Every structure is written in C-alpha cells, then in structure tokens.
Amino acid sequence: MSDYDTLTLDIDADGIALVTIDLPDASMNVWNRALIEEFSAVIDRFASDDAITGLVVTSGKASGFLAGADLRMLSDVPADATAAQVFEENFKLQSLLRKMETAGRAPKDLLKGAATAKPVVAAVNGLALGGGMELALACHYRLAADNGRVQMGQPEVQVGLIPGAGGTQRTLRLAGVQTALQTCSLGKPMKAAEAKAAGFLDEIVPEGELIDRAKQWCRDNPKSTQRWDKKGFKIPGGAGAMDPRVVPIFAGASAMAQGTTNHNYPAVQRILSSIYEGSIVPIDTGLRIESKYFTKCLMEPQAQNMIRTLFVNKQAAEKGMARPEGVPKSDLRRVGVLGAGMMGAGIAYVTARAGMEVVLLDRDMSYAEKGKAYSAKLNEKGIGRGKLTKEASEEMLARIKTTTDYADLKDVDLIIEAVFEDPGVKRDVTEKTEAVIPEDVVFASNTSTIPIASLAANSKRPDQFIGIHFFSPVDKMPLVEIIRPEGTGDKALATALDYVAKIKKTPIVVSDARGFYCNSVVVPYLNEAALMVKEGISAALIDNCAVHMGMPVGPLALMDETSQELGLSITRSAQRDMGDAYVPTGVEDMLELFVDELGRKGRKVGKGFYDYPEGEKKRIWPGLTEHYPHAAEQPSAEEVKERLLYNQLVNAARMYAQGVVHDPQSADLGAIFGWGFCPWTGGPMSYIDMVGVKTFVETADRLAAKHGDRFSPPEAFREMAKKGQSLYGEEKAAA
Ligand code: NAI
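Values in this document were obtained by computation on a predicted structure and should not be read as measured data.

### Structural notes on the pattern of salt bridges
The final tally for this structure, using the stated rule, is 50 salt bridges. Salt-bridge contacts for E439 lead to R461; the nearest nitrogen and oxygen are separated by 3.5 Å. A residue pair is termed long-range when its members are at least 10 positions apart, and E439 in the loop between α17 (423-434) and β15 (442-445) and R461 in the loop between α18 (452-456) and β16 (465-469) qualify at 22 residues. Exposure remark for E439: the relative accessible area of 61% places this residue in the exposed category. Two residues, K694 and E698, come together in a salt bridge whose shortest N-O distance is 3.3 Å.

Structure follows, in structure tokens:
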C-alpha cells in the first residue's frame, strides 16, 4: 500500500501501477493542492522507474471518478498575483497530465519514434467532469463501468471559466472541431454511451471487470503513445483556417455563441479561440494557449463572482449555512399541504418526488384531485423523456393522499399552507389544522404578500410558525425564501431548512417585510418597465435590452407570465394595508386599464403586453401603441439597460441595507435563482463590488436626478463608498 493521503498506489507483479484516487473526508474527488502534489509524485515515479510498465487511474469513491478542480482553490487568487504567476500555478496540472501521457519522454523523441511512452488507462467508474474528464482524456485508453453512473463533461463554462487542464485541446484531438466546440462551450454532461460515440470513451465494460480490463490493455499495449504524439497525426474532421470542412463550423459556432450569450460570457469566446488556435499548433503550444485563456478568465472578476455565488455560496446555503446550531435534524416523512391550487400542487409534487408522503388537503375533493393530477402530468412528461419509470411514477403518486378531512393531518411532520391569499381563509385553515396536528409540528405559510407575523398571530404556537415561500412554477424554480419573523424559534427555522434540503432547492433566510426580498425587487423592476412603456419607449426595445443584458426574459414578458391581474391585486392590497404610507408606483392606472377595461390579464388568458396566438410565437400586442404611443425619440439601448439594471441593483441594495436580506451572499443567490438576475454578474451585490460601490452610488444618483427618488442609493451604501468598502469584505483603499 502507499504513503499517500489522497490516493493509493498498488503496483502488481507485471509492474502495472493502479492509482486509486480517494480524497479523505470528501464525498467526491476533486483536484485540490494535496492531490496535485501526491499525483505528481506518483507520475514522477511512473516516468522514471522502468519497473513500472503501465498505469491505471481510477477512483475509490462510489460517487464517481473525479468531479473537477476544487473551485475554492481556483477562486483563491491572491489580489497581488501577476498573470504570469497565475498562469504558472495553473499550468502545474497541465504539465502533470502531459508528463503522465508522455511518461516524461520528450515529445520530439516520441514524434521521431526515438522513444515511446508507457500505457495509461482511465478506469472511469462514475462522474468524470471538468478536471476529471481532462484526467481521463490524457489517458491513452478510457474504459467506463457499465453501472449507469458514468457521466463525462466540461462544465467549466457554467462558472465563467474554460477547461484549464487540456480539455479544449484533447477533446479537439480526439473528436474534432465540432464536437470539441459543443462539449466545451455548452458544458452539458454526457452519459457513457454518448461519450463513447463522441470518441471520449473507448469501451464500456461490466463494473466488476473494469480494473482487470484496464490492466490487460496495458499488458497488450506496452509501447503505447498518445495518437497526437505520433508522426502524421491529424485532427479528425479537419482543422485550421483553410480547411473547407471546418471553416463554416468555426464561423457558425462563433455566431451562435454570440447569439445565445449576447457577449456577456467571455469564457465562451475564449473556448472558441482556444480550440481554433489550438487546432493549428502542436499540442504543447495548444495547452499553453488554453492556459493563457484560462488565466484571463480566472483573473477577471466575472469568473470569481460566478464561482462564489453559483458554486461556493449555493453549496453553503444548501448545506445549511443558515441552520441554527444545536437543533437535531428533523426526520420529515409526511408533509401536510393545505390548498391544492397552482402552488399547492407544485409543492405536493416536489415533496413526493423527494420521497416524502404528502397529505394534500383542499376544500373540495375535486380540487384536491386536480392538484394531484398535476404530479401525474409531470410524471407522464418524465416517462416520455425516459427520465422516470412507470413504476417509480406510480410509487410517487401513491405517496400523495388527497383529502378534505383535517383529521388526515394528524400524523404529519410539517404543514405547508398554500390556500387563497386571504387572511381570513388562512386563519380558518390554521385553526382547523392546529386542532389536529401534534403540538411540535412546524406550520409554514407560502403566502406571497401577507406578513408572516400577522399569520403567526392566528397560531397557538407562534414560535413554530414560519414562512416557506416558493416561486412559480414550483417544480422548476430553484429558490425558496424562508421568512423568519420575530418570535419564530430555531426549531421552525431548522425544520424549514431541513425540508428545503430534502427537496433539493436553494434556501435563503430573510426577514418579514412586505414582499420579503425577491418580490421587493422584482415588482419595482416590472413596474419600471411598465413606466417606460407609458413614457413611449418601445416595448421591443425594453424587452430586448433586458435579454441582451443577460436576463432570461424581458420584464414585459415576465409581467405577462406572472400576470397583470396579480400585479393589480398586489398593488391593491399594498394600498389597502399601507394607507397613507403607500408610495404610488405610477403604473396603477395602467394595470387597471389592462385588467379591468381591456381584459389583458396576462399570459394565462393569452393577452398582456404580448398576444399569444395558439401554436404561434408570441408577439407584441399591436394595440399597445394606441394607448401608449411611441415617443418620437427613443433612448439608446445602453440607457434602457442601465435603467433596468440599476432599478434591480438599487432595490436589492435597499433590501440589504434594511436587513430584509441579511448578507450579500443571500442577496446574490436570491437574485439569480429567484428571478433570474443576470447570472454572469454573480448577483447584484457582486455586480456592485465589480464596478465599485462608489461608481454604483454615483450612477444611481445620476439616474435618481433624471428619473426620480426610486433610484436613490441607500445611505449605508453612501457610507461604504466614502470609506472605500466593498460588500464582500475586504476594505478597499478609499478612492
Ligand atoms: P390558487 O388559487 O391556485 O390555489 C389556492 C387553493 O386553495 C385552491 O385550490 C383552493 O380551492 C384552496 N383553498 C381555498 N380555501 C381553502 C380552504 N378554506 N381550505 C382548503 N383549501 C382551500 O392560488 P395559488 O396561486 O396556488 O396561491 C396559493 C398561495 O401561494 C397564496 O398564499 C399565494 O399568495 C401564494 N403564492 C403564490 C405564488 C404564485 O405565483 N401564484 C407564488 C408564491 C406564493
């Protein structure tokens, strides 16, 4: 056995070394500094010791082969590091894998045939993503276990990076330009069969034979050398600027990439460049080109922001960062869902899908059944796509019990209420439910507008009352806001977080303010777009600018989705509840016109800012300009974008300054996963840090002078700007 911590090394009687990567105290293998160091030591020995005749690399984890580089390590770039230093640091893994595939022989000797490398085989037993796929690609032969768990992929682009351990160069040399471009720029994982068809795997073998077959390949190919280290190697399918087979591929891929990313993700362009440039040079130069682009990505704030929010903080939130200490983990097996409407049906679905039983209660059995039918419908889709078996669907549906009888709630471990948005109805169901459920069961409301504290006042045990706020559609939206009013105890918070972890969504914990965090930003953002329409700005310009900025859909289309009817009802309840404190939005009359006079209540009735003709693409309602004629002079796209962006930034900043959302991490997570705020920024707080708090304050002030106080930045941010502080911590020298 070996003296290593992160791997074991066994050399058999034939001299074949079996390296089994198995990081201690980790559920999954990743390239971290310790593994790179120990793997280097193994490769040095492999290259220099003639008694070692071949190498098999596998993983000791049931969870997979290797899931990529440790993103925490990558995001840990010292502020004063130069590009050359970052390059050298990251080139270590490139050199290591290159040394493995050449067995330390000089590439020119391999090319001349003056030397041969030694066989290296990947025995892939599960996920091989990012740096894990790159490790496999640097092996001469790749076997995968036929266990259904193998996936390969280069997902770096999803956190603003490019593959940095040879991914762009070896996918290119194994599978050709088109497949390399797709694999690296889309970042989608492939199942074993797909990876084999692409040329990334050589064989899929029974799991029990994986290692034996890998060793056998070493014995059968004692003088193995990578194909690109042999004379006469050509990239499959053609390469370079002159080959008519690939010229249109490069041109098309470039256009498509810009079309889909709107120039917001420089990593995509760099992947294309790395593959293009790499296709006309030898592999060693190609690897340096890749590392140069990788370094560029890593040194810019965008990748750092994306890694921080989309990976580090997301994972921390999902692992219970906000969970109070000392509360035992709750064993949630049965959940009572009150109200089987749009939200209740979705909540029942995600709960049953996660293996819990659901008691789905409505005032009428037909409504409860309709709610359950929603799960059946989603399951049917899953079966159609081959993602679910009929049996699994039946088992899942059997876990949902529909009822109108409160007595059926007596054994539940948690209640989630999603009845009408009416305080009276909510009070009634709370009282009826508490009459039957055990004393210690937590009661959560999914209300979108009613303060949780006022609902908790109906409860006999307000310390066990909490808000669990889902987003629509529940099965698709990844975020859940947990609202903890004063008086709610740790147990309720811990239970809510345990539940959200079970359904595999991302939680943020927020305070009990009107609209909580997300809707306090989204509603004014939608209103801003509506105000622009009133000012005569073209609806197409508004929605296209939002999409170009990186939002998934334009705000007018989003308003159609959430419905003008809901917008009006939120406005009316705010007017009613806030009385004199209500600040007019300026779009009250527009909502009334749309809903009450024109019946343009939203997408659900096929009419909003857009028309939704059956079977056709949506189009802007031609009548819009009759009510709100286009202004003779339209603002520039940059002006529209800035207004849409800053509206969200200022309100997110306000929510943070007011303590509704407690930390920049949650504000960023909530924005990206709750309403789709431009993921390339890492979230509004990351964006503010990226441009600097000072610039944010100045820009917001400029917009406030032009458009009104709603753009005024919060006082706390002015203070931060003065002190040269940033949101994510370290003090910056006061400008
Ligand atoms: P919905 O109108 O589709 O469903 C409400 C369901 O509650 C109906 O099936 C109704 O029959 C049932 N119900 C009404 N009174 C009842 C009673 N006394 N006992 C038992 N069941 C009763 O409404 P939706 O959209 O599902 O909203 C439910 C809750 O979720 C509301 O509090 C809403 O504010 C909140 N919410 C809604 C979101 C949305 O996008 N629609 C997003 C997040 C929260």
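### Considerations on the sheet that holds strand β14 (residues 414-417)
The 8 strands lie next to each other as β13-β12-β11-β14-β15-β16-β17-β18, forming an open sheet whose pairing is mixed. Looking at strand neighbours, the two that pair on one side only are β13 (400-403) and β18 (506-510), the edges of this open sheet. The sheet shows a mean angle of 25° between the axes of neighbouring strands, direction not considered. In terms of strand pairing, β16 meets strand β17 (residues 479-483) through 3 bridges, oriented antiparallel.

### Some remarks on the UniProt feature "domain: 3-hydroxyacyl-CoA dehydrogenase NAD binding" (unreviewed entry) in the protein
The UniProt feature table records "domain: 3-hydroxyacyl-CoA dehydrogenase NAD binding" (unreviewed entry) at residues 335-512. Note that residues 335-512 is 40% helix and 20% strand, and that its end C-alpha atoms are spaced 24 Å apart.

### Here's the deal with the side chain of T433
On the secondary structure map, T433 appears in helix α17. One polar contact links the side chain of T433 to the main-chain carbonyl oxygen of V429, over a distance of 2.6 Å. Once you skip the residues sitting within four places of it in the chain, T433 turns out to touch L338, Y406, L409, I415 and F443.

### Here we look at the site of the ligand
Contacts to the ligand come from 23 residues, most closely from D362, R363, E421, K426 and S448. Between G341 and the ligand, the recorded distance is 3.3 Å, taken from a backbone N or O atom to an oxygen atom. In this structure, D362 approaches the ligand through a side-chain N or O atom, which is 2.6 Å from an oxygen atom. Looking at the shell around the ligand, the elements that each hand over two or more residues are α14 (342-353) and α17. When the residues that make up the shell around the ligand are grouped by side-chain class, the tally is 12 nonpolar, 7 polar and 4 charged.

### Here we look at the sheet that holds strand β9 (residues 190-191)
Pairing in this open sheet of 4 strands is mixed, and the strands run β4-β6-β8-β9 from one edge to the other. Two strands bound the open sheet, and with one partner strand each, they are β4 (64-66) and β9.

### What to know about the UniProt feature "domain: 3-hydroxyacyl-CoA dehydrogenase C-terminal" (unreviewed entry) in the protein
Per the UniProt annotation, the sites labelled "domain: 3-hydroxyacyl-CoA dehydrogenase C-terminal" (unreviewed entry) are residues 515-612. Along residues 515-612 one finds 62% helix and 2% strand; the C-alpha atoms at either end are 29 Å apart.

### Considerations on the packing of helix α21 (residues 539-549) against helix α26 (residues 637-657)
Closest axis-to-axis distance for the α21/α26 pair is 9 Å, and the angle between their directions is 70°. Classified by the interaxial angle, the pair formed by α21 and α26 is roughly perpendicular. As for how α21 packs across α26, the hand of that crossing is right-handed. Within the contact between the two elements, α21 uses L541, I542, C545, A546, H548 and M549 and α26 uses A637, V640, K641, L644, L645 and Q648. For the contact of α21 with α26, the per-class residue count stands at 9 nonpolar, 2 polar and 1 charged.

### Looking at helix α15 (residues 365-384)
Under the 1.5 Å per step criterion, the end-to-end length of α15 is 28 Å for 20 residues, consistent within 8% with the ideal 28 Å. By the burial criterion, the buried members of α15 are A368, G371, S375, L378, N379 and G382. Mapping the buried residues of α15 onto a view down its axis gives an arc of 105°, with all of them on the same face. Opposite the buried face of α15, at more than 90 degrees from it, the exposed residues are K370, K377, E380 and G384. Lining the buried residues of α15 we find α14, β12 (357-361), α16 (390-398) and β13. Just beyond α15, the residue with positive phi is G386, at close to 75°.

### What about the nonpolar core?
Judged by nonpolar contacts, the single largest core of 181 residues is most densely connected at W31, F39, M100, L135, L161, Y517 and F609. Sort the elements by how many residues they give to this core and helix α20 (residues 518-534) lands first, with 10 residues. Membership of the second largest hydrophobic core comes to 36 residues, among which are M343, I416, V442 and I468.

### Things to note about the packing of helix α7 (residues 177-186) against helix α10 (residues 247-261)
For the pair α7 and α10, the least separation of the axes is 10 Å and the interaxial angle reads 15°. For the element pair α7 / α10, the angle class is roughly parallel. α7 and α10 meet at a crossing whose hand is right-handed. Here V177, Q178 and L181 of α7 lie close against α10, whose contacting residues are I249, F250 and A253. The residue makeup of the contact of α7 with α10, split by class, is 5 nonpolar, 1 polar and no charged.

### Thoughts on the packing of aromatic side chains
What the rule picks out here adds up to 16 aromatic pairs. With a centroid separation of 5.8 Å and an interplanar angle of 20°, the aromatic rings of Y646 and F696 are classed as stacked. Of this pair, Y646 sits in helix α26 while F696 sits in helix α29 (residues 693-707), placing them 50 residues apart in sequence. Look at F696 and you get buried, because its relative accessible area is 0%. Ring centres of W675 and F677 lie 6.5 Å apart, and the angle between their planes is 70°; this geometry places the pair in the edge-to-face category. Take W675 and F677: they sit in the same class, and that class is buried. Over the face of the ring belonging to Y293 we find K292, whose NZ or CZ atom lies 4.7 Å from the ring centre. Sitting over the ring of Y610, K618 keeps its end group 5.1 Å from the ring centre.

### Description of the pairing of β14
A two-sided burial pattern is seen for β14, the buried positions comprising L414 and I416 on one face and I415 and E417 on the other. Two strands pair when backbone bridges link them, and strand β11 (residues 334-338) and β14 are joined in this way by 4 bridges, in the parallel orientation. When the sheet's bridge partners are listed, G336 is paired in β14 with I415. Pairing geometry for β14 and β15, over 4 bridges, is parallel. Note that in β15 the partner of I415 across the bridge is F443.

Reading the values: rules and limits
- Residues numbered from 1 in each chain as written.
- Predicted model: local features only at pLDDT ≥ 70, side-chain atom pairs only at ≥ 80, totals over all residues.
- Heavy atoms only, no water.
- Salt bridge = Lys/Arg side-chain N within 4 Å of Asp/Glu carboxyl O.
- Helix = DSSP H or I, 4+ residues; strand = E, 2+ residues; numbered from the N terminus.
- Buried < 20%, exposed > 50% of the residue type's maximum accessible area, 1.4 Å probe, protein only.
- Pairing = 2+ DSSP bridges.
- Axes fitted to C-alpha atoms, helices over the stretch in contact; angles between N-to-C directions.
- UniProt positions renumbered as here; feature names shortened; annotations may be inferred.
- Polar contact = N/O pair within 3.5 Å; in protein donor to acceptor, adjacent residues only side chain to side chain.
- Contact = heavy atoms within 4.5 Å.
- Near = heavy atom within 4 Å.
- Nonpolar A, V, L, I, M, F, W, Y, C, P; charged D, E, K, R; others polar.
- Parallel < 35°, antiparallel > 145°, perpendicular 65-115°, else oblique.
- Left-handed = near helix turned anticlockwise from the far one by under 90°.
- Expected span 1.5 Å × (residues − 1).
- Arc of directions from axis to C-beta.
- Core = buried A, V, L, I, M, F, W, Y, C linked by side-chain atoms within 4.5 Å.
- Phe/Tyr/Trp six-rings, centres within 6.5 Å; stacked < 30°, edge-to-face > 60°.
- Lys NZ or Arg CZ within 6 Å of the ring centre and 35° of its normal.

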